[in-house]
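Structural overview
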Amino acid sequence: MAIKFIEELPIGGKRTFVRVDFNVPLSGGKVSDDTRIREALPTIKHAISRGARLILASHLGRPKGKRNPDFSLMPVGERLRELLEMEIIVAEDCVGDGVRKLAADLREGQVLLLENLRFYKEEEANDPGFSEKLAQLADVYVNDAFGCAHRAHASTAGMVAHVKHKGIGYLMRKELKYLGELLGKPNRPFVAVLGGAKVSDKIAVISSLLAKADAVLIGGAMAYTFLKAQGVAVGKSLVEEDKLKVASEILKQARERKVEILLPVDHVVAASPDDAKGEVVKGAIPEGRMGLDIGPSSVAAFGTRIASARTVFWNGPLGMFERPAFAEGTLSMARALADSKAVTVVGGGDSVAAIQQSGVAERITHISTGGGASLELVEGKTLPGVAALEE
Ligand code: AMP
């Protein structure tokens with residue numbers, strides 16, 4: 001089904017409500033990382049250049065349905081003024097008579113930033129009355145908040161039905177293009193790299209990838225559930241005992257579908273994550289030791305697979321990368337992606353952090369701004385924030 005792009009929408013002179021993801025970290029009353037604001041600039045600048053009367057709306061943090069100055073978007077407004085080099089209006093609320101008047105009085109090319117949507121519990125509840133109030137502000141609705149597209153909230157889903165014209169912005173288009181291509185016709189070989197703590201969080205995505213990918217490389221704590229399911233000793237590594245059966249089933253399905261699953265063949269182990277140094281073991285992990293990173297032979301094997309891939313999707317760290325002693329596997333993976341000639345797509349907070357830590361972000365094809373949303377998309381789920389925009 002067709003979804004309109006902002007360039008196709010009649011935004012000139014119209015009150016254009018853009019749902020952005022300005023859920024940025026604050027420190028000392030200032031924005032400490034403005035990546036998400038900068039990601040929204042192409043859409044904002046386009047709307048301004050077309051003479052839209054622009055209304056920007058976002059949530060920030062978890063104020064739990066109550067007005068709380070710690071979660072105010074005022075600092076975001078400050079940063080946005082600097083980035084746009086123009087005056088913008090920052091409202092003290094996101095609905096109500098005052099906001100309606102501000103929206104009605106907007107001149108062409110002017111920008112109004114609404115206060116935190118989650119100061120109202122009705123936002124996350126997708127409350128019909130609240131949705132209508134938001135919709136009353138707008139002639140055109142644009143969603144550019146990919147990171148929230150997997151949530152059916154008032155500002156991402158409920159209000160959309162009440163606005164005549166609707167579509168997506170530049171960031172959302174980019175996200176849907178790169179993540180959508182993984183599920184459509186990826187260049188082959190298509191290799192997926194999955195890590196992180198829990199198998200349970202990744203079952204759906206692995207199942208989806210078994211139908212799409214040529215190889216799935218598994219690292220992180222979740223690898224130990226798979227290794228144990230194969231009868232390999234894993235010492236006191238993190239294992240989800242109740243997922244051993246599922247892990248065996250996934251391995252069986254992979255064999256049937258001729259999808260290669262690569263598990264680590266060596267590990268950096270320690271008595272506890274607090275140890276300052278680990279040691280490398282091949283194969284079985286001794287009693288009393290836990291695997292906290294993939295070892296050098298596994299790094300090499302994963303690297304070889306990535307070097308010959310033409311499409312790579314990566315989600316989740318391959319070890320406890322927050323600790324320097326157990327970060328090498330994850331950081332090497334970031335470098336392997338950067339060095340590869342494949343289309344490389346990275347989704348999820350921790351893998352994005354590893355990419356940034358390695359200083360290779362410039363050499364990755366697409367770094368998704370939405371961890372949960374990108375996983376759900378790759379799982380093959382319909383995102384409510386996207387479905388609402390279909391004509
Ligand atoms: P997730 O949120 O599922 O992507 O998991 C990310 C977390 O998994 C990170 O905080 C890592 O430190 C942790 N992690 C990755 N590998 C291991 C491991 N081998 N043992 C313990 N924790 C791990």
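Parameters and conventions
Along each chain, residue indices are assigned from 1 in the same order as the chain's sequence is written. Two thresholds apply to this predicted model, a pLDDT of at least 70 for residue-level local features and 80 or more for giving and counting side-chain atom pairs, whereas whole-chain, interface and lining totals are computed over all residues. Only hydrogens and water are removed before side-chain values are computed, so all heavy atoms of the structure are retained for them. By the criteria applied, helices consist of DSSP H or I runs no shorter than four residues and strands consist of E runs no shorter than two, each listed in order from the N terminus. Each radius of gyration is computed over the set of C-alpha atoms, and the globule rule expresses the reference value as 2.2 Å times the number of residues to the power 0.38. Exposure classes here rest on a 1.4 Å probe applied to the protein chains alone. A residue is buried below 20% of its type maximum, exposed above 50%, and partly exposed in between. A pair of strands counts as paired when DSSP detects no fewer than two bridges linking them. Crossovers are marked right-handed if the path from the first strand over the helix to the second runs clockwise, as seen with the strands pointing away from the viewer. For helices, the fitted axis covers only the stretch in contact; all axes are lines through C-alpha atoms, and the angles between them, taken along N-to-C directions, range from 0 to 180 degrees. When an angle is under 35 degrees it counts as roughly parallel; over 145 it counts as roughly antiparallel; between 65 and 115 it counts as roughly perpendicular; any other value is oblique. Take the far helix as the reference: if the near one is turned anticlockwise from it by less than a right angle, the crossing is left-handed, and if turned clockwise, right-handed. Pairs of residues are marked as contacts when any of their non-hydrogen atoms sit within 4.5 Å. Residue classes follow a fixed rule: Ala, Val, Leu, Ile, Met, Phe, Trp, Tyr, Cys and Pro count as nonpolar, while Asp, Glu, Lys and Arg count as charged, and any other residue, Gly among them, counts as polar. In this scheme Phe, Tyr and Trp rings, the latter by its six-membered ring, pair at centre separations within 6.5 Å, and the angle between planes marks the pair as stacked below 30 degrees, edge-to-face above 60, and tilted otherwise. Placement of a positive charge over a ring is assigned whenever Lys NZ or Arg CZ falls within 6 Å of the ring centre and within 35 degrees of the normal to the ring plane. Marked domain ranges trace back to an automatic or database domain assignment. The salt bridge criterion pairs a side-chain nitrogen of Lys or Arg with a carboxyl oxygen of Asp or Glu, the two atoms within 4 Å. Counted as a polar contact is a pair of N or O atoms within 3.5 Å, where, for protein atoms, one must be capable of donating a hydrogen and the other of accepting one, and residues adjacent in sequence contribute only when both atoms are in side chains. By convention in this text, a residue qualifies as near a molecule or strand provided that one of its non-hydrogen atoms is within 4 Å of it. For accessible areas, the Shrake-Rupley method is used with a probe of radius 1.4 Å. Any residue's cover is judged against the shown protein chains and nothing else.

When helices and strands are counted, the protein shows 15 helices and 17 strands. Its C-alpha atoms give the protein a radius of gyration of 23 Å, within 12% of the compact-globule value 21 Å for 391 residues. Each principal axis of the C-alpha atoms in the protein carries an extent, and together these give about 70 × 45 × 35 Å. Looking at the 391 residues of the protein, the share that counts as buried comes to 53%.

Here strand S10 (residues 215-218) shows two buried faces, one formed by Ala215 and Leu217 and the other by Val216 and Ile218. Pairing of strand S9 (residues 190-194) with S10 involves 4 bridges; the strand directions are parallel. Paired with Val193 across the strands is Leu217, a residue of S10. Taken together, S9, helix H8 (residues 203-210) and S10 form a β-α-β motif whose crossover is right-handed.

Right, let's talk about the packing of helix H1 (residues 35-49) against helix H2 (residues 74-84) for a bit. Between H1 and H2, the least distance of the axes is 11 Å, while the angle of their chain directions is 60°. By the criterion of interaxial angle, the relationship of H1 to H2 is oblique. Crossing geometry of H1 relative to H2 is assigned as right-handed. Where H1 abuts H2, its residues Ile37, Arg38, Leu41, Ile44, Lys45 and Ile48 lie against Val76, Arg79, Leu80, Leu83 and Leu84. For the contact of H1 with H2, the class distribution of residues is 8 nonpolar, no polar and 3 charged.

Right, let's get into the packing of aromatic side chains. Inspection of the entire model under this criterion finds 3 aromatic pairs. Where Phe5 meets Tyr170, the ring centres are 4.9 Å apart and the plane angle is 80°; that geometry is what we call edge-to-face. Highlighted residues: Phe5 in the segment before strand S1 (15-19) and Tyr170 in helix H7 (residues 170-183), separated in sequence by 165 residues. We note Arg173 situated over the ring of Phe5; from NZ or CZ to the ring centre the distance is 3.8 Å. In this structure, Lys177 packs its charged tip against the face of Tyr178, placed 4.9 Å from the ring centre.

Each assigned domain of the protein is listed with its residue range as follows: domain 1 (6-171) and domain 2 (185-378). Contacts between domain 1 and domain 2 engage 6 residues on the former and 8 residues on the latter. At the boundary of domain 1 with domain 2, the tally comes to 0 salt bridges. Summed over the shared surface of domain 1 and domain 2, the result is 0 residue pairs in polar contact (both at pLDDT 80 or more). Classifying every residue of the side of domain 1 that touches domain 2 by side-chain character gives 2 nonpolar, 2 polar and 2 charged.

Attention shifts here to the site of the ligand. As a structural note, the neighbourhood of the ligand is formed by 15 residues, with Ala197, Ala221, Gly291, Glu322 and Asp350 the closest of them. Here Ala197 contributes a backbone N or O atom positioned 2.9 Å from an oxygen atom of the ligand. Residue Glu322 places a side-chain N or O atom 2.5 Å away from an oxygen atom belonging to the ligand. When the ligand sits alone it has 510 Å² of accessible area, and the protein chains cover 80% of it.

This paragraph deals with the sheet that holds strand S14 (residues 290-294). Within the open sheet, the 3 strands sit side by side as S13-S12-S14. Their pairing is antiparallel. Either end of the sheet is taken by a strand with one partner, and the two such strands are strand S13 (279-282) and S14. Adjacent strand axes in the sheet meet at a mean angle of 45°, parallel and antiparallel pairs treated alike. Note: strand S12 (residues 266-270) against S14, 4 bridges, orientation antiparallel. Directly across from His267, in S14, lies its bridge partner Ile294.

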